[in-house]
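What the coordinates show
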Protein chains: 2
Amino acid sequence: MEAGDIRVRRGDLTAFCRSVFENRGMSPEEAEVTAEVLVSADAFGIPSHGVGRLRRYVSGLDTGLMLPRESGETVLESESSLVVDAKGAMGPPVSVRVMGTVIEKAEQTGAAFGAVRNSNHFGIAGYYARMALSRDMLGIAMTNTAALGVPTFGREAFFGTNPIAFAAPAGTEEPFVLDMSTTVVTRGKVEVYERRGDVLPEGWAVDRTGKSARDPGSLLSGMQERRGGGILPLGGLDTLLGGHKGYGLAVMVDILCALLSGGPFGRGVYDTPESSARVSHFFGAVRIDRFRDPVEFRADMDRMLRELRACPPAEGRDRVWYAGLPEAEHARETERRGVPLSRKTWEMLRELGAETGARLPSEMP
Amino acid sequence: MEAGDIRVRRGDLTAFCRSVFENRGMSPEEAEVTAEVLVSADAFGIPSHGVGRLRRYVSGLDTGLMLPRESGETVLESESSLVVDAKGAMGPPVSVRVMGTVIEKAEQTGAAFGAVRNSNHFGIAGYYARMALSRDMLGIAMTNTAALGVPTFGREAFFGTNPIAFAAPAGTEEPFVLDMSTTVVTRGKVEVYERRGDVLPEGWAVDRTGKSARDPGSLLSGMQERRGGGILPLGGLDTLLGGHKGYGLAVMVDILCALLSGGPFGRGVYDTPESSARVSHFFGAVRIDRFRDPVEFRADMDRMLRELRACPPAEGRDRVWYAGLPEAEHARETERRGVPLSRKTWEMLRELGAETGARLPSEMP
């Protein structure tokens, strides 16, 4: 939490977003789900995917890039699979529905997967992977995104930040929930460096010649105008630190999301000024009891996660954590103290409240 | 290929390895499969996992860490899943058998997975993922390995190199086959730097205080004696370049391999002087036609892979490639010119030939 942040109750914030979405023509159910997905990102401490995006969602609804009351079309279905053409629907409602169906199918067959094409921004991938946890399943969620990542040895953007989320339940420990972009960083982090006037760390991005890019401003404008340059895959420049591995993971995500669903892939996925569009998603669920007694599995998860937490930290570090733990701790603090919002986000919410008549949450003391 | 390498015919090399394995008590079928998996690594240009390991496999058989004619026990099975206790069997035969069963199950249900515990080194993960390609399926293979990777913000090894392999078929293009460790590098690369007397690149490893390690000798001895320090996860030191993501992927692999199968995990997996042992694997296969006409899928794969190959290279680079392409090109060259072997490996093969009576391949001109 930065100085100047304010805090609001989670339920109030969700209700506010729901009202805004309903004002823009979404059904109560869609509005509820979309509000819940956005607010969960803020609760988990991932504000880049939270209500700070509300204006972009509203713009998407206003311009018709994101369609309310559009539930898409199932184009192929089997006992263990599902392909949906979202037809420009809002990302969160179609994603929650498909992941729900995938879980029901996995209940029957042990493992099931769903691929969605022609969708929109779906928020945090981890939200959908987490849906499997209470069912004693492993959860998987991925999405492709607008192209901004440069292949190893290349100099033009080809793939998106293409996040991978994977969730596994534990017993008394917080669940393991990995939710990671397969690029070194996302565009948002580059924007932060630009606002601060800082040079980019070595290993984040390349310019249009394919050499290390240090100026965030020219990187962002070059990517925006598709003049070359872009963000590096996880592992960074060339192969010395494994950049080819992040590149491979990004392509894998595109295959699972877009090539399985028949959606646009690679640089065929691009942002308009209003919003990202035509993205594809991939969801999966696997029953743990098809491998092992879930009680034993959860006990071993607890053992592993406790061992990780107990790892001696490097000099100058407080502790070792694992994926999902900081998010869970942030969410608990949020329950007590409210969801933190930056001043900038708060101002945007005030404006949207004035435009839509939605009731602004009250600031917590 | 380095100066001093020699080349032998692939078939001759496979026959040699088969004879050595049979001499050590393996059945003809096991010996054939294991030889084929090892030689395929050399053919693909991955000598770290090729016949250079033959002495270690023979030692494993001699000391009883790797058991010949042991087919393990199926401990749980459903229409879409399989758990096998390998009981110390050789890695490749049990892995080929389980991946084969997973593919047959996926043929019925659309998607299936298998987990194996108490196994041994299984060679290249990509070998098993590739088995799905000719069946119009996506293939997945992973394994945990002896602990040498340090969690983000930690200073002691907890997880292995934990590779992920993912294979997707194409039409006329070479298939996409990702096969990557989730650490920045493997132990073998650190050993190369030690032999050369070079300092390690920044971002590969930490010492026992958790600071960047540059001396390969003290890193290797520290890891060997479990005194602290180790190799960093993909993404490197701390979180600036995404080290927490590689850390998360490594834990995900351990969950899928060891926690699903009930095998040892984390630092419970360790090398003896003779060989790595008690590792766990994970295999998966997904039918493409449960999502989309495989002909269309392959056509889109071709389109994407051609677009990747046609990406303009960075200044000073020849070309952009994709995962699986260099391996396929290396294998083609191998068909023409023979499998390259280092002088060191060749000497080891000569010794093993003398010990076992196996007929050494003749050198190609």
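Just above sits the structure.
Residues numbered from 1 in each chain as written. Chains lettered and ligands numbered in written order. Predicted model: local features only at pLDDT ≥ 70, side-chain atom pairs only at ≥ 80, totals over all residues. Heavy atoms only, no water.

Once that is clear, we can look at the overall build of chain A. The number of helices and strands found in chain A is 11 helices and 11 strands. Taking 2.2 N^0.38 as the reference for a compact globule, 365 residues should give roughly 21 Å; the C-alpha atoms of chain A span a radius of gyration of 20 Å, in line with that estimate. The dimensions of chain A, computed from C-alpha atoms along their principal axes, are 55 × 50 × 50 Å. Taking all 365 residues of chain A together, the buried fraction comes to 61%. Counting only carbon and sulfur atoms, one obtains 47% of the accessible surface of chain A, whose full area is about 13300 Å². Positive and negative charge centroids in chain A, built from 44 and 49 side chains respectively, lie 2 Å apart. (Helix = DSSP H or I, 4+ residues; strand = E, 2+ residues; numbered from the N terminus. Rg over C-alpha atoms; globule rule 2.2 N^0.38 Å. Buried < 20%, exposed > 50% of the residue type's maximum accessible area, 1.4 Å probe, protein only. Areas by Shrake-Rupley, 256 points an atom, 1.4 Å probe, with all protein chains shown as cover. Lys, Arg positive; Asp, Glu negative; His and termini not counted. Charge placed at Lys NZ, Arg CZ, Asp CG, Glu CD.)

This next bit is on the interface of chain B and chain A. Taken together, the contacts link 85 residues of chain B with 85 residues of chain A. Summed over both partners, the interface of chain B with chain A buries about 7300 Å², with 70% contributed by carbon and sulfur atoms. Among the residues of chain B in contact with chain A, Phe 153, Lys 245 and Phe 291 of chain B are the three that bury the most area, contributing 11% of the side total. Put simply, chain B and chain A have 4 salt bridges between them. A salt bridge links Arg 290 of chain A to Glu 79 of chain B; its shortest N-O distance comes to 2.9 Å. At the surface where chain B touches chain A, the tally comes to 32 residue pairs in polar contact (both at pLDDT 80 or more). Residues that form the side of chain B that touches chain A fall into these classes: 46 nonpolar, 21 polar and 18 charged. (Contact = heavy atoms within 4.5 Å. Buried area = accessible area lost by both parts, 1.4 Å probe. Salt bridge = Lys/Arg side-chain N within 4 Å of Asp/Glu carboxyl O. Polar contact = N/O pair within 3.5 Å; in protein donor to acceptor, adjacent residues only side chain to side chain. Nonpolar A, V, L, I, M, F, W, Y, C, P; charged D, E, K, R; others polar.)

To continue, consider the packing of aromatic side chains. Here the structure, examined in full by the defined rule, presents 23 aromatic pairs over all chains. Taking 5.9 Å as the distance between ring centres and 75° as the angle between the ring planes, the aromatic pair formed by Trp 321 of chain A and Phe 153 of chain B counts as edge-to-face. Pair noted here: Trp 321 of chain A is in the loop between helix H9 (294-309) and helix H10 (325-337) and Phe 153 of chain B is in the loop between strand S5 (137-143) and strand S6 (164-168), and the two residues belong to different chains. Each member of the pair, Trp 321 of chain A as well as Phe 153 of chain B, is classed as buried. Here Phe 21 of chain B and Tyr 57 of chain B contribute two aromatic rings whose centre-to-centre distance is 6.3 Å and whose plane-to-plane angle is 45°, an arrangement assigned as tilted. Remark: Tyr 57 of chain B occurs in helix H3 (residues 54-63) and Phe 21 of chain B occurs in helix H1 (residues 10-23); sequence separation between them is 36 residues. In this pair, the class of Phe 21 of chain B matches that of Tyr 57 of chain B, namely buried. Members of the aromatic cluster, connected to one another through ring pairs, are Phe 113 and Phe 282 of chain A together with Phe 113 and Phe 282 of chain B. The ring centre of Phe 44 of chain A lies 4.0 Å from the NZ or CZ of Arg 130 of chain A, which sits over that ring. For the cation-ring pair, Arg 196 of chain B lies above Tyr 193 of chain B, with the distance from its terminal atom to the ring centre recorded as 5.3 Å. (Phe/Tyr/Trp six-rings, centres within 6.5 Å; stacked < 30°, edge-to-face > 60°. Lys NZ or Arg CZ within 6 Å of the ring centre and 35° of its normal.)

So, on to the environment of Gly 210 of chain A. Structurally, Gly 210 of chain A can be placed in the loop between strand S8 (205-206) and helix H7 (216-224). The spacing of Gly 210 of chain A and Gly 160 of chain A is 50 residues in sequence and 17 Å in space, taken between C-alpha atoms. Residues in contact with Gly 210 of chain A, not counting those within four places in the same chain, are Gly 154, Arg 155 and Leu 237 of chain A together with Ala 314 of chain B.

This paragraph deals with the packing of H1 of chain B against helix H11 (residues 343-356) of chain B. Residue and element names in this part refer to chain B. Where H1 contacts H11, the two axes come as close as 10 Å, and the packing angle between them is 45°. Classified by the angle their axes make, H1 and H11 are oblique. For the pair H1 and H11, the crossing hand works out as left-handed. Residues Leu 13, Phe 16, Val 20 and Asn 23 of H1 pack against Leu 349, Leu 352, Gly 353 and Thr 356 of H11. (Axes fitted to C-alpha atoms, helices over the stretch in contact; angles between N-to-C directions. Parallel < 35°, antiparallel > 145°, perpendicular 65-115°, else oblique. Left-handed = near helix turned anticlockwise from the far one by under 90°.)

Residue and element names in this part refer to chain B. Counting buried positions over the 5 residues of strand S3 (residues 81-85) gives 5, a clear majority of the element. As judged from the 5 bridges shared by strand S2 (residues 73-78) and S3, these two strands associate in the antiparallel manner. Residue pairing in the sheet places Thr 74 in a bridge with Val 84 of S3. Following S2, the chain reverses through 2 residues before pairing antiparallel with S3. Sheet analysis places S3 next to strand S4 (residues 111-120), joined by 5 bridges and oriented parallel. Residue Val 83 lies in a different strand from S4, and its bridge partner there is Ala 115. (Pairing = 2+ DSSP bridges.)

This part covers the pattern of salt bridges. With the rule as written, the count across this model stands at 56 salt bridges over all chains. What you see here is one network of salt bridges that share partners, running through Arg 24, Arg 55, Asp 62, Glu 351 and Glu 355 of chain A.

Relative to the helices and strands, Ser 218 of chain B is located in helix H7 (residues 216-224). Spatially, the C-alpha atoms of Ser 218 of chain B and Thr 183 of chain B are 19 Å apart, while their sequence positions differ by 35 residues.

Take the nonpolar core next. The nonpolar side chains of a soluble globular protein tend to be buried with one another. Counting 92 residues, the largest nonpolar core has Phe 176, Ile 255 and Met 301 of chain A together with Phe 176, Ile 255 and Met 301 of chain B as the members making the most contacts within it. Excluding anything up to four places from it in sequence, Phe 176 of chain B contacts Gly 248, Val 251, Met 252 and Ile 255 of chain A together with Phe 166, Ala 167, Ala 168, Met 301, Leu 305, Tyr 322 and Ala 323 of chain B. (Core = buried A, V, L, I, M, F, W, Y, C linked by side-chain atoms within 4.5 Å.)

Laying chain B over chain A is done by rotating through 180° and shifting 0.0 Å along the axis; what remains is an RMSD of 0.0 Å. The operation mapping one copy onto its partner corresponds to a two-fold rotation axis. Residue Gly 235 of chain B, judged by its C-alpha, is the member of chain B lying nearest the rotation axis, at 2.4 Å. Of the interface residues in chain B, 100% have counterparts in chain A that sit at the interface too, so the contact is made through matching surfaces. (Least-squares fit on C-alpha atoms with pLDDT ≥ 70 in both.)

For residues that are not glycine, phi is negative in most cases, and the peptide bond is trans in most cases. All names here are of chain A. For Lys 87, which is not glycine, the phi torsion reads 55° and is therefore positive. Tracing the backbone through its elements, the reader meets Lys 87 in the loop between strand S3 (81-85) and helix H4 (91-109). A positive phi is found at Asp 238, a non-glycine position, where the angle reads about 55°. Here Asp 238 shows up in the loop between strand S9 (230-231) and helix H8 (243-261).

Before going further, it helps to spend a moment on H11 of chain B. Residue and element names in this part refer to chain B. Between its first and last C-alpha, H11 extends 20 Å over 14 residues, near the 20 Å set by a 1.5 Å rise per residue. For H11, every residue scored as buried is listed here: Thr 345, Trp 346, Met 348, Leu 349, Leu 352, Gly 353 and Thr 356. Along the axis of H11, the buried positions cluster into a sector of 160°, meaning they face one direction only. Exposed and facing more than 90 degrees away from the buried side of H11 are Lys 344 and Ala 354. Considering only its buried residues, H11 is in contact with strand S1 (6-8), H1, H3 and strand S11 (339-341). (Expected span 1.5 Å × (residues − 1). Arc of directions from axis to C-beta.)

So yeah, pure geometry; function would need other evidence.
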